[in-house]
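Read off the chains here:
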Amino acid sequence: QVQLVESGGGLVQAGDSLRLSCVASGPTSRSVAMGWFRQAPGKEREFVAATDWNGVNTYYVDSMKGRFTISKDNANNTVYLQMNSLKPEDTAVYYCAADRYYSGSSYQKGIIDYWGKGTLVTVFP
């Protein structure tokens, strides 16, 4: 079992940066691939980024490469999402996710065992 708790969301202006955090806990939490998804109002949930259990390999949706960076602090079992040059269209609830391993398309489709409750990011013009 893995518990995920996100933090760091808020209200920011376009062009600003924001860093989201997700702390994982539980018996197997140190061996899971962690990632971020987001769901904008009226839209489906979409994959943002993921990293392997040790934070070495990272994966991104092409549209967010260069602006968003995922990283992991293994000592604190925390994954981060650094978001730069934010745009109003980045407004969404951002969810932390974890699964046994990063499985490519399945992971990106959200076929994942563990989810956080989400943190809201609002970007105004």
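For the structure itself, consult the block above.
The model shown is predicted, which means the values in this text are computed figures rather than measured ones. (Residues numbered from 1 in each chain as written. Predicted model: local features only at pLDDT ≥ 70, side-chain atom pairs only at ≥ 80, totals over all residues. Heavy atoms only, no water.)

Considerations on the state of the cysteines
For step 1, the next point in the chain: Going through the model one piece at a time under the given rule, you end up with one disulfide.
For step 2, the next point in the chain: Paired by a disulfide, Cys-22 and Cys-96 hold their sulfur atoms 2.1 Å apart. Judged by the sign of its S-S torsion, about -85°, the cystine formed by Cys-22 and Cys-96 is left-handed. Here Cys-22, found in strand E3 (residues 18–25), pairs with Cys-96, found in strand E9 (residues 92–99); they are 74 residues apart in sequence, far enough to count as distant. (Disulfide = S-S within 2.5 Å. Helix = DSSP H or I, 4+ residues; strand = E, 2+ residues; numbered from the N terminus.)

Describing the environment of Arg-67
For step 1, the next point in the chain: By the secondary structure assignment, Arg-67 is in the loop between strand E6 (58–60) and strand E7 (68–73).
For step 2, the next point in the chain: Taking C-alpha positions, Arg-67 is 6.5 Å from Ser-85, a pair spaced 18 residues apart along the chain.
For step 3, the next point in the chain: Every residue in contact with Arg-67, bar those within four places of it in the chain, is listed here: Gln-82, Met-83, Asn-84, Ser-85, Leu-86, Lys-87 and Asp-90.
For step 4, the next point in the chain: Engagement of the side chain of Arg-67 in a polar contact is seen with the backbone oxygen of Ser-85, the distance being 3.0 Å. (Contact = heavy atoms within 4.5 Å. Polar contact = N/O pair within 3.5 Å; in protein donor to acceptor, adjacent residues only side chain to side chain.)

Observations concerning the nonpolar core
For step 1, the next point in the chain: Membership of the largest hydrophobic core comes to 28 residues, with the highest contact counts inside it found for Leu-4, Met-34, Trp-36, Leu-81, Met-83 and Tyr-94.
For step 2, the next point in the chain: The set of elements that each furnish at least two residues to this core consists of E3, strand E4 (33–39), strand E5 (46–51), E7, strand E8 (78–83), E9 and strand E11 (119–124).
For step 3, the next point in the chain: Ala-50, Tyr-102, Tyr-107 and Ile-112 belong to the second-largest nonpolar core, a separate cluster that totals eight residues. (Core = buried A, V, L, I, M, F, W, Y, C linked by side-chain atoms within 4.5 Å. Buried < 20%, exposed > 50% of the residue type's maximum accessible area, 1.4 Å probe, protein only.)

Describing the pairing of E3
For step 1, the next point in the chain: Sheet topology note: the strand E1 (residues 3–7)/E3 ladder contains five bridges and is antiparallel. Within the sheet, the bridge partner assigned to Gln-3 lies in E3 and is Ser-25.
For step 2, the next point in the chain: In terms of strand pairing, E3 meets E8 through six bridges, oriented antiparallel. The residue of E8 that forms the bridge with Arg-19 is Gln-82. (Pairing = 2+ DSSP bridges.)

Coordinates in, geometry out; function isn't part of it.
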